[in-house]
Amino acid sequence: MNKRTRRKLEELNEYLASFENQMRVKLVGRKIVEVRYLTKEESDSFGWSYQPLVIYFDDSKILIPSSDEEMNNGGSLILQDPHHQTEEVIGVQRNN
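What you are looking at is a predicted structure, and each value in this text was computed from that prediction instead of being measured.

Enquirer: Help me get a handle on the sheet that holds strand β4 (residues 62-63), residues and values and all.
Expert: Within a sheet, adjacent strands bond to each other through the backbone by hydrogen bonds, running parallel or antiparallel. An order of β1-β3-β4 is seen for the three strands of this open sheet, with the pairing classed as antiparallel. What marks the edges here is a single partner per strand, and that holds for β1 (32-37) and β4. Two strands pair when backbone bridges link them, and β1 and strand β3 (residues 53-57) are joined in this way by five bridges, in the antiparallel orientation. Paired with Arg36 across the strands is Val54, a residue of β3.

Here it is in structure tokens:
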């Protein structure tokens, strides 16, 4: 691996670690106060054909799963137990 590639990889790892820490600060310790699916109208406002489950926190922040970082559609959630066994795949509703 050349010096330039190594530096780019280090920069990416630093960015990911920083982002992970930002999310930790925003989410750890928060209380979930409501869970519901996006309405068709809300999903339409994103230009999505899927309606994902939305998680509301006690600080008024909302977690909305997306299919990718470009927010091309709503995404599913996977609930696992402490042994990494999937208990539930929380899928999306589809706009009709």
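Enquirer: Can you lay out the confidence of the model for the protein for me, pointing to particular residues and giving the numbers?
Expert: If pLDDT is low for a region, its predicted coordinates should not be looked at in detail. Residues with a pLDDT of 70 or more make up 99% of the protein, whose mean pLDDT is 90. Mean pLDDT across the elements of the protein bottoms out in strand β7 (residues 93-94) (81) and peaks in β1 (96).

Enquirer: Please give an account of the environment of Val33 that cites residues and values.
Expert: Turning to its location among the elements, Val33 is positioned in strand β1. C-alpha separation for the pair Val33 and Asp58, spaced 25 residues apart in sequence, amounts to 5.9 Å. Every residue in contact with Val33, bar those within four places of it in the chain, is listed here: Tyr56, Phe57 and Asp58.

Enquirer: Could you give an account of the packing of aromatic side chains, with specific residues and numbers?
Expert: The tally for this structure, following the rule as stated, stands at two aromatic pairs. Taken together, a centroid distance of 6.4 Å and an interplanar angle of 20° make the contact between Tyr15 and Phe19 stacked. Note that Tyr15 and Phe19 are positioned in helix α1 (residues 3-27) at a spacing of four residues, about one turn of the helix. The exposed category is assigned to Tyr15, whose relative accessible area is 52%.

Cut-offs applied
- Residues numbered from 1 in each chain as written.
- Predicted model: local features only at pLDDT ≥ 70, side-chain atom pairs only at ≥ 80, totals over all residues.
- Heavy atoms only, no water.
- Pairing = 2+ DSSP bridges.
- Helix = DSSP H or I, 4+ residues; strand = E, 2+ residues; numbered from the N terminus.
- pLDDT = per-residue confidence, 0-100.
- Contact = heavy atoms within 4.5 Å.
- Phe/Tyr/Trp six-rings, centres within 6.5 Å; stacked < 30°, edge-to-face > 60°.
- Buried < 20%, exposed > 50% of the residue type's maximum accessible area, 1.4 Å probe, protein only.

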